[in-house]
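Spelled out from the first residue to the last, the chains are:
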Amino acid sequence: IHPDQVAVTNKTFTPSNEEVVWSKRVISEFERAEAEGVASIQVDGYFVDYPIVEKAQRIVDMANLLKELNSEHIKIYAGGGGNILNEEIKELHH
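Fair warning: this is a prediction, and the values are worked out from it, not measured in the lab.

## Thoughts on the overall build of the protein chain
Item 1. Across its full length, the protein chain carries four helices and two strands.
Item 2. The linear arrangement of helices and strands in the protein chain, starting from the amino end, is α-α-β-β-α-α.
Item 3. Within the protein chain, contacts between residues separated by at least 24 positions form 58% of all contacts whose residues are at least 6 apart in sequence.
Item 4. Only carbon and sulfur atoms are counted for the fraction: they give 54% of the accessible area of the protein chain, which is about 6,700 Å².

Given below as structure tokens:
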């Protein structure tokens, strides 16, 4: 990766605080449903089953580890993200 691309890459692939909060909610709601014998649910209109919960758990685990190590300034790579914008694509081409 070229140094000029680092900021855009971090922004694109780093889960936001909202994603961490949402991941915690997914885990909590899924655990409740699973205790009732249900293995797939919807959260905010999104289908949630085991692979989604596992991804959510990885996001939460990494965020917790970084906080525990006082390393919150380190960016998390492993599935956060969002959509890359046209202006960000232009930045990547520099």
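## Side note on the packing of aromatic side chains
Item 1. Overall, the coordinates contain two aromatic pairs when judged by the stated rule.
Item 2. Residues W22 and Y46 carry aromatic rings whose centres are separated by 6.1 Å and whose planes lie at 85° to one another, so their mutual orientation is edge-to-face. With W22 in helix 2 (residues 17-35) and Y46 in strand 2 (residues 46-48), the pair connects residues that are 24 residues apart, well separated along the chain.
Item 3. By relative accessible area, which is 54% here, Y46 ends up exposed.
Item 4. Residues F30 and Y50 carry aromatic rings whose centres are separated by 5.1 Å and whose planes lie at 75° to one another, so their mutual orientation is edge-to-face. Pair noted here: F30 is in helix 2 and Y50 is in helix 3 (residues 50-68), with a separation of 20 residues, a long-range link.
Item 5. Of the residues examined, F30 reaches a relative accessible area of 2% and is grouped as buried.
Item 6. A residue is classified by how much of its surface remains accessible, and Y50, at 38% relative accessible area, is partly exposed.

Cut-offs applied
- Residues numbered from 1 in each chain as written.
- Predicted model: local features only at pLDDT ≥ 70, side-chain atom pairs only at ≥ 80, totals over all residues.
- Heavy atoms only, no water.
- Helix = DSSP H or I, 4+ residues; strand = E, 2+ residues; numbered from the N terminus.
- Contact = heavy atoms within 4.5 Å.
- Areas by Shrake-Rupley, 256 points an atom, 1.4 Å probe, with all protein chains shown as cover.
- Phe/Tyr/Trp six-rings, centres within 6.5 Å; stacked < 30°, edge-to-face > 60°.
- Buried < 20%, exposed > 50% of the residue type's maximum accessible area, 1.4 Å probe, protein only.

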